[in-house]
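# Observations on chain architecture
What follows is each chain in one-letter form.
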Amino acid sequence: MHANGHEHVIEVTDLRRVYGGGFEAVRGIDFSVRRAEIFALLGTNGAGKTSTVELLEGLAAPAGGRVRVLGHDPYTERAAVRPRTGVMLQEGGFPSELTVAETARMWAGCVSGARPPAEVLALVGLQAKANVRVKQLSGGQRRRLDLALALLGDPEVLFLDEPSTGLDAEGRRDTWELVSTLRDGGTTVLLTTHYLEEAENLADRLAIMHEGRIAATGTPAEVTAAQPSRISFELPDGYFVGDLPPLGELGVSDHEVDGRLVRLRTRELQRAATQLLVWAGRAGVELRRLDVRSASLEEAFLGIAKDASAKDASAKAAESTTKEEYAA
């Protein structure tokens, strides 16, 4: 079943958001999210993640571009979208004197076709805290309550803004399991997160934002595959880098030496590792501290952010030069 015949439950085209003073927080982005998919928005602080999600939630009108959620404009057709979505904000701001159960019942009164509050509290593991006042909850328990309230309306689309902030390792894993179960049941999930491990574990696809633009998008495997893998090892006694097979023949794009430790970067990991081990076997030497690994999402994230920053700096320098030439 598709939303009004659309495979894509969320569609974003050339989306822009400008704040007072002319600051452009979202600078023309495009992406789409399919039904029953977990899509993660990643980025450093100020990348534009929350600004984007607020536009998808219909909390503000875009300065330019187009948003469609379940086939509707979430801002101008809010009444058609809001009952079918759940939102977990970074901070819930609950009345501190109410108990957990009272908070859930109050929220249920504002939701169309709400599920029984006790049911959602059980889903997030808060049934034992039902009679505890909100002000007595830990930070992690408040995040669980945030999630419970987002699930009260049994949403088709769930927006999660930093869902596991404040959770311990066990709580984070429990939340991941719950979100995956919701996805398997047909719920579409869009989440923002600082935790790259969270995106790697949960997301079917992701986008990495940098200074208001999307720098990379795809499955976690596709995004990491675009970054070089690495091989590191300790040079055998009496050997130098020049004694290794020609690095170009190994498919090595870059290398660095730190004392006796050699680090190689390559986009042909199997070929480089195989030929290196064949060379060591023939030379009768052991490569101590050998570490062979594909790029992680963290390395991809840092590499993309670094590349994007370098491009931005180059573009600003070119713009400045052009202005100076014009003024002259």
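Relevant structure appears above.
Keep in mind it's a predicted model, so treat the numbers as computed, not measured.

This part covers the overall build of the protein chain. The helix and strand inventory of the protein chain stands at 11 helices and 13 strands. By its C-alpha atoms, the protein chain is 75 × 65 × 40 Å across when sized along the principal axes. Put simply, of all contacts in the protein chain between residues at least 6 apart along the chain, 68% involve residues at least 24 apart. Total accessible area computed for the protein chain in this model is approximately 16,500 Å², and 49% of it derives from carbon and sulfur atoms. Of the charged side chains in the protein chain, 38 are positive and 47 negative; the average position of the first set lies 2 Å away from that of the second.

Now for the packing of aromatic side chains. Inspection of every chain in the model, using the stated rule, returns two aromatic pairs. Judged by centre distance (5.1 Å) and plane angle (10°), the rings of Phe31 and Phe39 are stacked. Each member of the pair Phe31 and Phe39 is classed as buried. When the ring centre of Tyr195 is taken as reference, the NZ or CZ atom of Arg172 above it lies at 4.1 Å.

Moving on: the layout of surface pockets. The calculated volume of the largest pocket comes to roughly 430 Å³. Taken together, 20 residues form the lining of the largest pocket, with Arg82, Val87, Trp107, Leu149 and Ala150 sitting closest to its centre. Those elements giving two or more residues to the lining of the largest pocket turn out to be strand E5 (85-88) and helix H5 (139-151). Around the second largest pocket sit Gln227, Pro228, Arg267, Glu299, Leu302, Gly303, Lys306 and Asp307, which together line it.

It is worth spelling out helix H10 (residues 269-283) at this point. Given a rise of 1.5 Å per residue, 15 residues ought to cover 21 Å, and the 21 Å separating the end C-alpha atoms of H10 matches this to within 8%. Where H10 is buried, its residues contact strand E10 (229-234), helix H9 (247-250), strand E12 (261-266) and strand E13 (288-293). Phi for Gly284, located one or two positions after H10, is positive at around 70°.

Right, let's talk about unusual backbone geometry for a bit. One can expect most non-glycine residues to show negative phi and most peptide bonds to be in trans. One non-glycine residue with positive phi stands out, namely Asp14, at about 45°. Looking at the element boundaries, Asp14 is found in strand E1 (residues 8-18).

Moving on: the sheet that holds strand E11 (residues 252-258). On the basis of which strands lie adjacent, the open sheet formed by four strands has the order E11-E12-E10-E13 and antiparallel pairing. Two strands lie at the open edges of the sheet, namely E11 and E13, each paired on one side alone. Each strand axis lies, on average, 15° off the axis of its neighbour in the sheet, ignoring direction. Note: E10 against E12, six bridges, orientation antiparallel. What sits directly across from Phe233, in E12, is Val262. This element, H10, spans E10, E12 and E13 of the sheet and lies at about 20° to E10.

Before going further, it helps to examine the nonpolar core. If you look at the biggest cluster of nonpolar residues, it comprises 41 residues, and the most contacted ones within it are Leu42, Leu145, Leu151, Leu160 and Leu206. Broken down by element, the residue count for this core peaks at six residues, all from H5. In this structure, Leu145 is in contact with Phe94, Val100, Thr103, Leu121, Leu126, Val134 and Leu137, ignoring residues within four places of it in sequence. Val33, Val53, Val69 and Val157 belong to the second-largest nonpolar core, a separate cluster that totals 25 residues.

Attention now moves to empty space enclosed by the protein. With the rule as written, the count across this model stands at one cavity of 30 Å³ or more. A volume near 30 Å³ is recorded for the largest cavity. Lining the largest cavity are Leu56, Glu57, Pro74, Arg78, Val81, Arg82, Thr85 and Phe159. Residue composition of the lining of the largest cavity, by class: four nonpolar, one polar and three charged.

Attention shifts here to the environment of Glu200. Mapped onto the elements of the fold, Glu200 is located in helix H7 (residues 196-202). Dropping the residues within four chain positions of it, Glu200 is found in contact with Ser296 and Leu297.

Reading the values: the criteria
- Sequence positions are assigned chain by chain, starting from 1 and proceeding in written order.
- A pLDDT threshold of at least 70 governs which residues receive local features in this predicted model, and a stricter bar of 80 or more applies before side-chain atom pairs are shown or counted, although totals over entire chains, interfaces and linings include all residues.
- Side-chain calculation: all heavy atoms of the structure are included, whereas hydrogens and water are not.
- Working definition: helices are DSSP H or I runs of at least four residues, strands are E runs of at least two. Numbering for both runs from the N terminus.
- Between two residues, a contact is recorded if the distance between any of their heavy atoms is within 4.5 Å.
- Reported accessibility uses the Shrake-Rupley method at a 1.4 Å probe radius. Residues are deemed covered only where the shown protein chains occlude them.
- Two residue types count as positive, namely Lys and Arg, and two as negative, namely Asp and Glu; His and chain ends fall outside the count.
- Just so you know, the charge point we use is NZ for Lys, CZ for Arg, CG for Asp and CD for Glu.
- Side-chain rings of Phe, Tyr and Trp, where Trp is taken by its six-membered ring, are said to pair if the distance between their centres is within 6.5 Å; with planes under 30 degrees apart they count as stacked, over 60 as edge-to-face, and otherwise as tilted.
- Per-residue accessibility, obtained with a 1.4 Å probe over protein chains only, is compared with the maximum for each type, and a residue is labelled buried under 20%, exposed over 50%, and partly exposed between these values.
- Any Lys NZ or Arg CZ found within 6 Å of a ring centre and within 35 degrees of that ring's normal is scored as a charge over the ring.
- Any residue with an atom within 4 Å of a point lines the site, the site being either a cavity, points on a 1 Å grid over the protein atoms alone where a 1.4 Å probe fits but cannot get out, or a pocket, an open set with protein on both sides within 12 Å along at least 5 of 7 lines.
- Grid points are joined across faces, edges and corners, and a volume is the space filled by probe spheres set on the points.
- To estimate the expected span of a helix, subtract one from its residue number and multiply by 1.5 Å.
- Note on pairing: DSSP must find at least two bridges between two strands before they are called paired.
- Axis geometry follows a simple rule: fit a line to the C-alpha atoms, using only the stretch in contact for helices, then measure angles between N-to-C directions, giving values from 0 to 180 degrees.
- To form a nonpolar core, buried Ala, Val, Leu, Ile, Met, Phe, Trp, Tyr and Cys residues must be joined to one another through side-chain atoms within 4.5 Å.
- Three classes are used, and their members are as follows: Ala, Val, Leu, Ile, Met, Phe, Trp, Tyr, Cys and Pro are nonpolar, Asp, Glu, Lys and Arg are charged, and the others, Gly among them, are polar.

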